[in-house]
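Residue-level listing of the chains:
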Amino acid sequence: MDTNKNIEEKFDENYLIKIRGLYKNFANVKVLKGISTDIKKGEKVVILGPSGSGKSTLLRCMNLLEEPTYGEIWFEGKLLTPVDPYLHKKIIRNSETYKKLCEKAKLENPNLSEEELDAKIISEIKEKDLLKKREGKEYNLETNKLYTTFHQDINITRQKIGMVFQHFNLFNNLTVMGNMTLAPVELKLKTQEEAEQKAIQLLKRIGLEDKANVYPSTLSGGQKQRIAIVRSLMMEPDVMLFDEPTSALDPEMVGEVLELMKELANDGMTMVVVTHEMGFAREVASRVLFIDEGIIKEEGTPKEFFGNPKDERLKDFLSKVL
């Protein structure tokens, strides 16, 4: 079956990340319900929405900290997830599973149109697939060849994706210097000496070079988060993901973290930020997404998004947070 061309057409070199038809279920709870979006190189995308809307889940799916139930995630032209046959119907229609179910359905109801037959069978296959996934089993529709062709090892990809969490995630048993040099040295990307030189440069950038040999427990929340950010920069990532980076901070510490993030944005870093900081979204974002109930309800430039919202749920949300 000739599906390689179909798959290849899904990537454009102008895009760093492509997300197609992304679903994420936790048991019977549907958190993401068919998210599709693209992140261009150099873009600053801010994701807004009420608590429990799926914002952090979407962010964590981008580097497979959460494994999608369905859908595809592409990073720099490489597929991070298995090929999703439901996004490439040709794969399903050429599978033996489809052909057998088609014969059965025609016998049971010969009056079904081709469209009705197709929809019925694909729905039935998808339900079986979901059941298998819940049981921890694979239900393969002849996608192994495509997966092997385009798939990228996630551990290689994660070296290019910086992630900053709400609660810093520094190693308390290591000094600041130890936290910063651990990954590049362990992965043999830098020697210890090279890593320490880079760490000092980054600590000077945020005015914390005097904290190189202290432990995280002695730092303020704002200092911890700024160090968590520059620790990610040690890997020289192509994109930075921020998961509510200021929500665990005291109000007086929020500004110093946002200022560092603005500097990164001005330097051209591609960024995807889940946040409740409306001022940051207005000032820094090139595009703002509003997610509610696992769906992108609206997106646009900050001027369009805040100045002329169209979705009623977004209007209600903005009236409460602005």
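Draft legend 1. View of helix H14 (residues 312–321). Taken residue by residue, H14 has Leu314, Phe317 and Leu318 as its buried positions. In a view along the axis of H14, the buried residues occupy a sector of 95 degrees, so they form one face of it. Facing away from the buried surface of H14 by more than 90 degrees, the exposed residues are Glu312, Ser319 and Lys320. Looking at the buried side of H14, the elements it contacts are strand E3 (44–48), helix H12 (278–284), strand E9 (287–292), strand E10 (295–300) and helix H13 (302–307).

Draft legend 2. Structural view of the sheet that holds strand E6 (residues 161–164). Strands sit in the order E6-E7-E8-E3-E9-E10 across an open sheet of six strands; the sheet is mixed. Sheet topology places E6 and E10 at the edges, where each strand pairs with a single neighbour. Across the sheet, the mean angle separating the axes of adjacent strands is 15 degrees when strand polarity is ignored. Along the sheet, helix H10 (residues 221–233) makes contact with E6 and strand E7 (239–243), crossing E6 at roughly 170 degrees.

Draft legend 3. Representation of the side chain of Asp292. The topology assignment puts Asp292 in strand E9. Beyond its immediate chain neighbours, meaning those up to four positions away, Asp292 contacts Pro50, Ser53, Lys297 and Arg313.

Draft legend 4. Looking closely at helix H11 (residues 251–266). Taking 1.5 Å as the rise per residue, H11 with 16 residues should run 22 Å; its terminal C-alpha atoms sit 24 Å apart, in good agreement. Taken together, the buried positions of H11 are occupied by Met253, Val254, Val257, Leu258, Leu260, Met261, Lys262, Leu264 and Ala265. Against E3, helix H9 (192–205), H10, E7, strand E8 (270–274) and H12 lie the buried residues of H11. Following H11 by one or two positions, Gly268 adopts a phi angle in the positive range, close to 95 degrees.

Draft legend 5. Inspection of the nonpolar core at higher detail. Counting 48 residues, the largest nonpolar core has Ile229, Phe242, Met261 and Met271 as its most contacted members. No other element matches H11, which puts eight residues into this core. Those residues in contact with Met261 that lie beyond four places of it in its chain are Ile229, Phe242, Pro245, Met271, Val273 and Phe280. Ranked by size, the runner-up nonpolar core spans 29 residues in total, among them Ile47, Leu59, Ile161 and Leu241.

Draft legend 6. A look at the sheet that holds strand E5 (residues 78–79). Across the sheet, four strands lie side by side as E2-E1-E4-E5; this open sheet has antiparallel pairing. With partners counted over all chains shown, the strands left at the sheet margins are strand E2 (29–40) and E5, one partner each. Across five bridges, the pairing between strand E1 (residues 15–26) and strand E4 (residues 70–75) is antiparallel. Its bridge partner lying in E4, Ile17 is registered against Phe75.

Draft legend 7. Examining the confidence of the model for the chain more closely. Across the chain, the average pLDDT comes to 87, with 89% of residues at or above 70. Mean pLDDT across the elements of the chain bottoms out in helix H1 (residues 4–8) (43) and peaks in E3 (98). Counted against residues more than four places away or in other chains, residues 1–10, with its pLDDT under 50, gives 21 contacts. For the stretch residues 134–149, pLDDT sits under 50, and the model shows 29 contacts to residues farther than four places along the chain or on other chains.

Draft legend 8. Structural context of the pairing of E1. Along E1, nine of the 12 residues are buried, which leaves the element largely enclosed by surrounding structure. By the bridge criterion, nine bridges tie E1 to E2 in an arrangement that is antiparallel. Pairing of Asn25 across the sheet is with Lys30, part of E2. Connecting the antiparallel pair E1 and E2 is a turn made up of two residues, with Ala27 showing a positive phi of about 55 degrees.

Draft legend 9. Fine view of unusual backbone geometry. The residue Lys188 is not glycine, and still its phi comes out positive at about 60 degrees. In this fold, Lys188 is placed in the loop between helix H8 (176–186) and H9. Classification of Lys188 as exposed rests on a relative accessible area of 73%. Phi is positive for Glu236, close to 50 degrees, though the residue is something other than glycine. Examined against the element boundaries, Glu236 turns out to sit in the loop between H10 and E7.

Reading the values: rules and limits
- Residues numbered from 1 in each chain as written.
- Predicted model: local features only at pLDDT ≥ 70, side-chain atom pairs only at ≥ 80, totals over all residues.
- Heavy atoms only, no water.
- Buried < 20%, exposed > 50% of the residue type's maximum accessible area, 1.4 Å probe, protein only.
- Helix = DSSP H or I, 4+ residues; strand = E, 2+ residues; numbered from the N terminus.
- Arc of directions from axis to C-beta.
- Contact = heavy atoms within 4.5 Å.
- Pairing = 2+ DSSP bridges.
- Axes fitted to C-alpha atoms, helices over the stretch in contact; angles between N-to-C directions.
- Expected span 1.5 Å × (residues − 1).
- Core = buried A, V, L, I, M, F, W, Y, C linked by side-chain atoms within 4.5 Å.
- pLDDT = per-residue confidence, 0-100.

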